[in-house]
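Residue-level listing of the chains:
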Amino acid sequence: MNHRKHQERHPRWRLLLTPVLLASLCLSLFGPILTEVGLTGWKTAYAGESFPSVLGDYAGELREPRPRKDGIRHVDTTRMVRKLKELGVNTYVYLVWHASTDWDDLRKEFLPAARKAGIDVWVYLVPPSEARSKQSEPFGTDYIAWFRAIGKLSQSHPNLKGVVMDDFNHNLSFFSPEYVSAMRKAGREMNPRLKFFPQIYYSAIRPELLQKYRSLMDGVVMTFRDGKFRNTQRTRELKKQIRHTSDMLKKEGLPFILMIHASKLSATPSNPSVRYVQTSMRVGLDHLRKGDIQGLITYVLQKEWFPERKDRTAYSGFGYGCLFVPPGHTPSPGDQGEIQQQIRTDGSDQYSLDLHHLSVHPRNLKKGQYVKQVLIDDKVVWEKDVRSRRPETWEKEHLNLAPYLKGKTVAVLTLRLQRKKEGTPVWFFTGFDQLEPKGFEVTNPGFEEDAGWSYRSNHPGIIGETLVFDPKRRLRVYLTAMEMFALYHLWEDIKGSGSDPLRKDAEQLFQSVVENRNEQSGHRLDRLIRRLESDSTLDPKQRNRILQQAKKLDHLLVIHP
């Protein structure tokens, strides 16, 4: 995000663009503001009761730096609650799975601290499909026992609101209506208000499933991953999926919680980019404002900031050109994805190209299914099977291009991934990097920026993108989430208690941020702050609270990474 003109209004904040000072800002500046601001919910009626807006986070728990006497690094409740308050969430979805002590940490430490901080908690359980090698302790896959224990625990901890079940639609043979009914009964015998939200992917949210389980659920959590071509690179289907799912769930009177990936989805090339998280949260919070969804939760928002070195896949530098085939609905023979640009020769007739290429795939990818190619003006000049060598190893090729470029002044250079024949559906990705041309020039030959190359595909199951490793991704995503939650809280507080001019200013600010109008956002926030400073309609304490929230957002917009 470019806030150059906005930064000129606050030159003192330019220094905050270093990672250390950004982290210091999060820890020292926003903590007191969040404590003062508090967390409120704009309530919506569902099934005869109010449902507050959920601004939440899932998993990504911090662990204590050293093991306790039992040899286990327990959940670091103190740091976790501080981070959640800093982010501005009102709900945390607590995963019981990573350590055998997670349940006791929740009961004895986390729930009381979260309640004191004004944070609601939901327990997140893994289904049988995720419990083959490791189960949640202490009840494993006895979900009737889990619901009974969670319901009993919620009697003494009213901020424990309910249960979310992961991958519900992938485990329907286990979660029959009869079994889900028994689960719910066990929990509600302990606490009649205990909620159950299954986590269901978009492709499975259909009228027949909703009708079958409608009386057994209190809402739905949908994790966005672009439908049947699962990835965390494209967001173009998000609005459509929200509207479609919202229409179905509203007919059933069910709240709809959207979950956005802030960390890596399995079987994908890398963690989602800052731009992906920002775009997804903007779209989600805009639909929350409109009432299409009733909450937004970040999926594994990292709260410790260091480079994610596994994402540094490039041969050299930080970036490479990637062509990715997601798991599931794979391409057919003849389908292909391409990375290309126009090149101009120097007339020397001495033309060659050195390039590096990579393939990452599971063992069940068979030889002959896919090939990598280099083309000059649609003429294949080099081809190699994707599984020609062991995966995750860069190879170098030297190509003589004289026969294909001689006599030409311009040509099109294409790097292609093509499906050759049918085979077992499998995910994988291939990369190209560090091109060294002779006799012609290539723009951005090392893929170090998003320029020079164009990506195209004749099948949605081949996704092309320049992937550039971002060593500050964790911190930048964290600040992005904080900014978006701060925006929503500001809008919500003013909508609930402000005057008509304040409400109008808040609406316009929200819209400009959602539409990524950076300079306009800065001006509108300035106007809103000035109006708040001179406002006499609000209670002084309330005005000060909203004003602090506005100034917090102002700081975040200025330093936005």
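Calculation rules
Here, residues in each chain are numbered from 1, in the same order as that chain's written sequence. Residue-level local features of this predicted model are given only where pLDDT is at least 70; pairs of side-chain atoms are given and counted only at 80 or more, and the full residue set underlies all totals for whole chains, interfaces and linings. Hydrogens and water are ignored here; the side-chain numbers use all heavy atoms of the structure. Helix and strand assignments come from DSSP, with helices taken as H or I runs of at least 4 residues and strands as E runs of at least 2, each series counted from the N terminus. C-alpha atoms define the radius of gyration, and 2.2 Å times the number of residues to the power 0.38 defines the globule rule. Buried, partly exposed and exposed residues are distinguished by accessible area as a fraction of the type maximum, computed with a 1.4 Å probe on protein chains only: under 20%, between the cut-offs, and over 50%, respectively. We score Asp and Glu as negative and Lys and Arg as positive, and we do not count His or the chain ends. By convention, the charge on Lys lies at NZ, on Arg at CZ, on Asp at CG and on Glu at CD. To define a nonpolar core, start from buried Ala, Val, Leu, Ile, Met, Phe, Trp, Tyr and Cys residues and group those joined through side-chain atoms within 4.5 Å. When checking whether two residues touch, look at their non-hydrogen atoms; a contact exists if any pair is within 4.5 Å. A helix is expected to span 1.5 Å multiplied by its residue count minus one. Any two strands with at least two DSSP bridges between them are considered paired. The axes used here are C-alpha line fits, helices contributing only the stretch in contact, and every angle between their N-to-C directions lies in the interval 0 to 180 degrees. The salt bridge definition used is simple: a Lys or Arg side-chain nitrogen within 4 Å of an Asp or Glu carboxyl oxygen. Angles below 35 degrees are treated as roughly parallel, those above 145 as roughly antiparallel, those between 65 and 115 as roughly perpendicular, and all remaining angles as oblique. Left-handed is the label given to a crossing in which the near helix is rotated counterclockwise from the far helix by less than a right angle, and right-handed is the label when the rotation is clockwise. Note that Gly is not counted as nonpolar here; it falls among the polar residues with everything else outside the nonpolar set of Ala, Val, Leu, Ile, Met, Phe, Trp, Tyr, Cys and Pro and the charged set of Asp, Glu, Lys and Arg. For this analysis, a ring pair means two rings from Phe, Tyr or Trp (six-membered ring only for Trp) whose centres lie within 6.5 Å, classed as stacked if their planes differ by under 30 degrees, edge-to-face if by over 60, and tilted for the remaining angles.

**So, the overall build of the protein chain**
- Counting its regular elements, the protein chain contains 14 helices and 21 strands.
- Against the compact-globule benchmark of 24 Å for 561 residues, the protein chain has a radius of gyration of 26 Å, which places it among compact chains.
- Projected onto its principal axes, the C-alpha positions of the protein chain cover 80 × 60 × 50 Å.
- Burial analysis of the protein chain (561 residues in total) assigns 58% to the buried set.
- Averaging the coordinates of the 87 positive side-chain charges in the protein chain and doing the same for the 66 negative ones gives two points 2 Å apart.

**So, the nonpolar core**
- Of all hydrophobic cores here, the largest spans 99 residues; its most connected members are L106, F110, I150, L258, L490 and L525.
- Counting residues per element, this core draws most heavily on helix α11 (residues 473-497), at 14 residues.
- Ignoring any residue separated from it by four or fewer positions in sequence, one finds L525 in contact with L490, L509, A550, L553, D554 and L557.
- Core analysis: the second largest hydrophobic core is formed by 30 residues, I343, L355, V374 and L413 among them.

**A short note on helix α6 (residues 177-190)**
- Its 14 residues give α6 an end-to-end C-alpha distance of 20 Å, which sits within 8% of 20 Å, the value for a rise of 1.5 Å per residue.
- All of the buried residues along α6 are P177, Y179, V180, M183, R184, A186 and G187.

**With respect to the sheet that holds strand β7 (residues 195-198)**
- Across the sheet, which stays open at both edges, the eight strands sit in the order β7-β6-β5-β4-β3-β10-β9-β8 with parallel pairing between neighbours. Every interior strand has two partners, whereas the edge strands, β7 and β8 (220-223), have only one. The average angle at which neighbouring strand axes cross in this sheet is 25°, direction not considered.
- Here strand β3 (residues 54-58) runs beside strand β4 (residues 91-95); their pairing, made up of three bridges, is parallel. When the sheet's bridge partners are listed, G56 is paired in β4 with T91.
- The strands touched by helix α8 (residues 238-251) within the sheet are β8 and β9 (256-261), with β9 carrying the most contacts at an inclination of about 155°.

**Comments concerning the environment of A186**
- Secondary-structure assignment places A186 in helix α6.
- Note on A186: relative accessible area 3%, which makes it buried.
- Sequence separation between A186 and W146 is 40 residues; the distance between their C-alpha atoms is 8.7 Å.
- Contacts of A186, omitting those with residues within four sequence positions, involve I144, F147 and R148.

**Regarding unusual backbone geometry**
- With omega at 10°, the peptide bond leading from E137 into P138 counts as cis.
- Looking at where P138 falls in the secondary structure, it is placed in the loop between β5 (120-125) and α5 (143-156).
- Positioned with a positive phi, D226 is a non-glycine residue whose angle comes to about 70°.
- With a phi angle near 50°, D377 is a residue other than glycine that sits in the positive phi range.
- Looking at where D377 falls in the secondary structure, it is placed in the loop between β14 (370-376) and β15 (379-385).
- The exposure class assigned to D377 is partly exposed, which follows from its relative accessible area of 32%.

**Observations regarding the pattern of salt bridges**
- All told, the structure shown has 31 salt bridges when counted by the stated rule.
- Of the charged contacts in the structure, one is a salt bridge between R476 and D470, with a shortest N-O distance of 2.3 Å.
- For R476, a relative accessible area of 24% corresponds to the partly exposed category.
- Through salt bridges with shared partners, a single network forms among D286, R289, K290 and E507.

**Focus: the packing of helix α3 (residues 77-87) against helix α4 (residues 102-116)**
- It is the contact of α3 with α4, at a shortest axis distance of 10 Å, that shows an interaxial angle of 30°. Judged by the angle between their axes, α3 and α4 are roughly parallel. When you trace α3 past α4, the crossing you get is right-handed. Across from T77, M80, V81 and L84 in α3, the residues of α4 making contact are E109, F110, A113 and A114.
- Of the residues contributing to the contact of α3 with α4, the split by class is six nonpolar, one polar and one charged.

**Focus: the sheet that holds strand β16 (residues 395-400)**
- What the five strands build is an open sheet, ordered β16-β13-β18-β11-β21; its pairing is antiparallel. If you trace the sheet from one side to the other, it starts and ends with β16 and β21 (463-468), each paired once. Here the strands of the sheet are splayed against their neighbours by 30° on average, with no regard to which way each runs.

**Concerning the packing of aromatic side chains**
- Applying the stated criterion to the full structure yields 27 aromatic pairs.
- Arranged with centres 5.7 Å apart and planes meeting at 85°, the rings of Y143 and F174 form a pair that is edge-to-face. Placement of the pair is Y143 in helix α5 and F174 in the loop between β6 (160-165) and α6, with a sequence separation of 31 residues.
- According to the relative accessible area criterion, F174 is partly exposed, its value standing at 30%.

**Some points on α5**
- Taking 1.5 Å per residue as the helical rise, α5 with its 14 residues ought to reach 20 Å, and the 21 Å between its terminal C-alpha atoms agrees with that figure.
- Inspection of α5 places Y143, A145, W146, F147, A149, I150, G151, L153 and S154 among the buried residues, and these make up the whole buried set.
- Contacts made by the buried residues of α5 are with α4, β5, β6, α6 and β7.

**Here we look at the packing of α11 against helix α14 (residues 540-559)**
- At a closest axis distance of 9 Å, the pairing of α11 and α14 adopts a crossing angle of 150°. Regarding the angle of α11 to α14, the classification is roughly antiparallel. In this structure, the crossing between α11 and α14 has a hand that is left-handed. On α14, the residues that touch L479, M482, E483, A486, L487, H489, L490, D493, I494 and S497 of α11 are Q542, R545, I546, Q549, A550, K552, L553, L556 and L557.

**Examining the environment of R476**
- Positionally, R476 belongs in helix α11.
- A sequence separation of 149 residues divides R476 from P327, and the C-alpha atoms of the two residues are 28 Å apart.

**Observations regarding the side chain of D535**
- Of note, D535 is situated in the loop between α13 (518-534) and α14.
- Of the side chains with opposite charge, R543 comes closest to the buried, unpaired D535, at an N-O distance of 5.6 Å.
- With sequence-adjacent residues up to four places away left out, D535 is seen in contact with S499, L502 and R543.

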